[in-house]
Amino acid sequence: MSQTTASSSLPTIAFIGGGNMASAIMGGLIRQGHAAGNIEVVEPYEPTRAALLQSYGITAQAAPTAALQRAQIVVWAVKPQTFKDAAAQTRAHTQQALHLSVAAGIRSDSIAQWLGSERIVRTMPNTPALVGKGVSALYARPAVNAAERQRVEAILAGTGDVLWVDTEKQLDAVTALSGSGPAYVFYFMEAMTRAGTAMGLSAEQAHQLAVGTFVGASELARRSDEPPAVLRERVTSKGGTTYAALTSLEHDAVGDAFVRAMQAAERRAQELGDEFGG
């Protein structure tokens, strides 16, 4: 996994879709010195266009125009169910571009067919990209060369870490693990906060403790060379409080249930490709 530094020589970039993930990538580019005037955006929703103008000084268009032809890279940040229609409207203006898709589930075979291009990279980022702490997995079709891979890394540099996977199928697992993963963390934070208040803490105290615990434990895991299992064992004394909590979790088969939940997310990612990628 690497954390790259954006190059000042990044070309003109177009975004099809200007929602949260696109905004996170744009924000990272702007913070690293990429000129707003070198970013083209197509976003049909007027309030989102207004937000991009206010936040980054980017003037987005409601529909594709010939201005897209100057973009060397096009970032597809649309919902899976709208990708095909968006591609049909945009294809004529983006024939020479390298394409980067952040749409969950939509396979590169479908994207290549819709856009008439083999120069496609798929990525699965996650929402901590909004604060520069995300992780994005990437898969490139064979037509994408090493220099183009580096350009893609530079585009995503402001969102956090990146890693490349060898097969496109692995992106479904990435979607289940890190793409949907922040929601799992928030789910456990909710449960810990709820338990804390039930045991007599205020909601504010319980929330602060829950969030701080995840932040600290994650940083400890990031800095450590030891696997999470070893770190867990080090805070678990036989007969102690942590042991009692983990024994209860094991009794309720929480670990197995969590694995099944992630497998359900992986299946849904595969279904999205089948459903909207025809």
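Right above here is the structure, for reference.
Residues numbered from 1 in each chain as written. Predicted model: local features only at pLDDT ≥ 70, side-chain atom pairs only at ≥ 80, totals over all residues. Heavy atoms only, no water.

Points about helix α3 (residues 83-90)
Consideration 1: Phe83, Ala86, Ala87 and Thr90 are the residues of α3 that are buried. Seen end-on, α3 carries its buried residues on one side only, within an arc spanning 100 degrees. In α3, the exposed residues that point more than 90 degrees away from the buried face are Asp85, Ala88 and Gln89.
Consideration 2: Buried residues belonging to α3 abut β1 (13-16), β3 (73-76), β4 (98-101) and α4 (108-115). (Buried < 20%, exposed > 50% of the residue type's maximum accessible area, 1.4 Å probe, protein only. Helix = DSSP H or I, 4+ residues; strand = E, 2+ residues; numbered from the N terminus. Arc of directions from axis to C-beta. Contact = heavy atoms within 4.5 Å.)

Section: helix α5 (residues 146-156)
Consideration 1: Taken as a whole, α5 has its buried residues at Glu148, Val152, Glu153, Ala154, Ile155 and Leu156.
Consideration 2: Measuring from the side-chain oxygen of the N-cap residue of α5 to the backbone nitrogen of Ala147 gives 3.1 Å; that N-cap residue is Asn145. (Polar contact = N/O pair within 3.5 Å; in protein donor to acceptor, adjacent residues only side chain to side chain.)

Brief notes about the packing of helix α7 (residues 181-198) against helix α8 (residues 203-223)
Consideration 1: Two elements in contact, α7 and α8, have axes separated by 8 Å at closest approach and are oriented at 140 degrees. Overall, the two elements α7 and α8 adopt an arrangement that is oblique. The two elements α7 and α8 cross, and the hand of that crossing is right-handed. Only Ala203, Ala206, His207, Ala210, Val211, Thr213 and Phe214 of α8 make contact with α7, whose side of the interface consists of Val185, Phe188, Met189, Met192, Thr193, Gly196 and Thr197. (Axes fitted to C-alpha atoms, helices over the stretch in contact; angles between N-to-C directions. Parallel < 35°, antiparallel > 145°, perpendicular 65-115°, else oblique. Left-handed = near helix turned anticlockwise from the far one by under 90°.)

Quick word on unusual backbone geometry
Glycine aside, the phi torsion of most residues is negative, and most peptide linkages are trans.
Consideration 1: One non-glycine residue with positive phi stands out, namely Ala253, at about 55 degrees.
Consideration 2: Relative to the helices and strands, Ala253 is located in the loop between α10 (241-251) and α11 (254-276).

Quick notes on the packing of helix α6 (residues 170-179) against α7
Consideration 1: Remark: α6 packs on α7, axes separated minimally by 5 Å, with the N-to-C direction vectors making an angle of 30 degrees. With respect to their mutual orientation, α6 and α7 come out roughly parallel. In contact with Ala176, Leu177, Ser178 and Gly179 of α6, α7 contributes Gly181, Pro182 and Tyr184.
Consideration 2: Residues that form the contact of α6 with α7 fall into these classes: 4 nonpolar, 3 polar and no charged. (Nonpolar A, V, L, I, M, F, W, Y, C, P; charged D, E, K, R; others polar.)

Concerning the pairing of β1
Consideration 1: The side-chain alternation of β1 yields two buried faces, one formed by Ile13 and Phe15 and the other by Ala14 and Ile16.
Consideration 2: Where β1 meets strand β2 (residues 39-42), 4 bridges bridge the pair, whose relative direction is parallel. Considered in β2, the bridge of Phe15 is made with Val41.
Consideration 3: Once you follow β1 into helix α1 (residues 20-31) and on to β2, the crossover reads as right-handed.
Consideration 4: Examined bridge by bridge, β1 and β3 share 4 bridges and lie parallel to one another. By the bridge assignment, Phe15 is partnered in β3 with Val75. (Pairing = 2+ DSSP bridges. Right-handed = clockwise from strand over helix to strand, strands pointing away.)

Some remarks on the sheet that holds strand β6 (residues 134-140)
Consideration 1: The strand order across the open sheet formed by 7 strands is β2-β1-β3-β4-β5-β6-β7, and the pairing between neighbours is mixed. Of all the strands in the sheet, just β2 and β7 (160-164) have a single pairing partner and so form its edges. Taking the axes of each pair of neighbouring strands and ignoring which way they run, one obtains an average angle of 20 degrees across the sheet.
Consideration 2: Summarising the sheet, β4 and strand β5 (residues 120-124) pair through 3 bridges and their orientation is parallel. When the bridges of β5 are listed, Ser101 appears paired with Arg122.
Consideration 3: In this fold α4 packs onto β3, β4, β5 and β6, with an angle of close to 135 degrees to the strand it touches most, β5.

Topic: the nonpolar core
Consideration 1: Residues Phe15, Ile25, Met26 and Val41 are the most contacted members of the largest nonpolar core, which totals 25 residues.
Consideration 2: Of all elements in the fold, only β1, α1, β2, β3, β4, β6 and α5 reach the threshold of two or more residues within this core.
Consideration 3: With 4 residues, the top contributor of residues to this core is α1.
Consideration 4: Setting aside residues no more than four positions away along its own chain, Ile25 makes contact with Phe15, Val75, Val102, Ile155, Leu156 and Thr159.
Consideration 5: Judged by nonpolar contacts, the second largest core, of 19 residues, contains Ile16, Val78, Ala103 and Trp114. (Core = buried A, V, L, I, M, F, W, Y, C linked by side-chain atoms within 4.5 Å.)

Digging into the packing of aromatic side chains
Consideration 1: Counted by the stated rule, this structure contains 5 aromatic pairs.
Consideration 2: With centroids separated by 5.4 Å and ring planes inclined at 85 degrees, the aromatic side chains of Tyr184 and Phe258 adopt a geometry described as edge-to-face. Note that Tyr184 is positioned in helix α7 and Phe258 in helix α11, a separation of 74 residues in sequence.
Consideration 3: For Phe258, a relative accessible area of 30% gives the class partly exposed.
Consideration 4: Ring geometry for Tyr187 and Phe188: centres 6.0 Å apart, planes at 85 degrees, overall edge-to-face.
Consideration 5: A relative accessible area of 56% means that Tyr187 is categorised as exposed.
Consideration 6: Grouping aromatic residues by their ring pairs yields a cluster made of Tyr184, Tyr187, Phe188 and Phe258.
Consideration 7: Above the plane of the ring of Trp164 lies Arg149, whose end atom (NZ or CZ) is 4.4 Å from the centre. (Phe/Tyr/Trp six-rings, centres within 6.5 Å; stacked < 30°, edge-to-face > 60°. Lys NZ or Arg CZ within 6 Å of the ring centre and 35° of its normal.)

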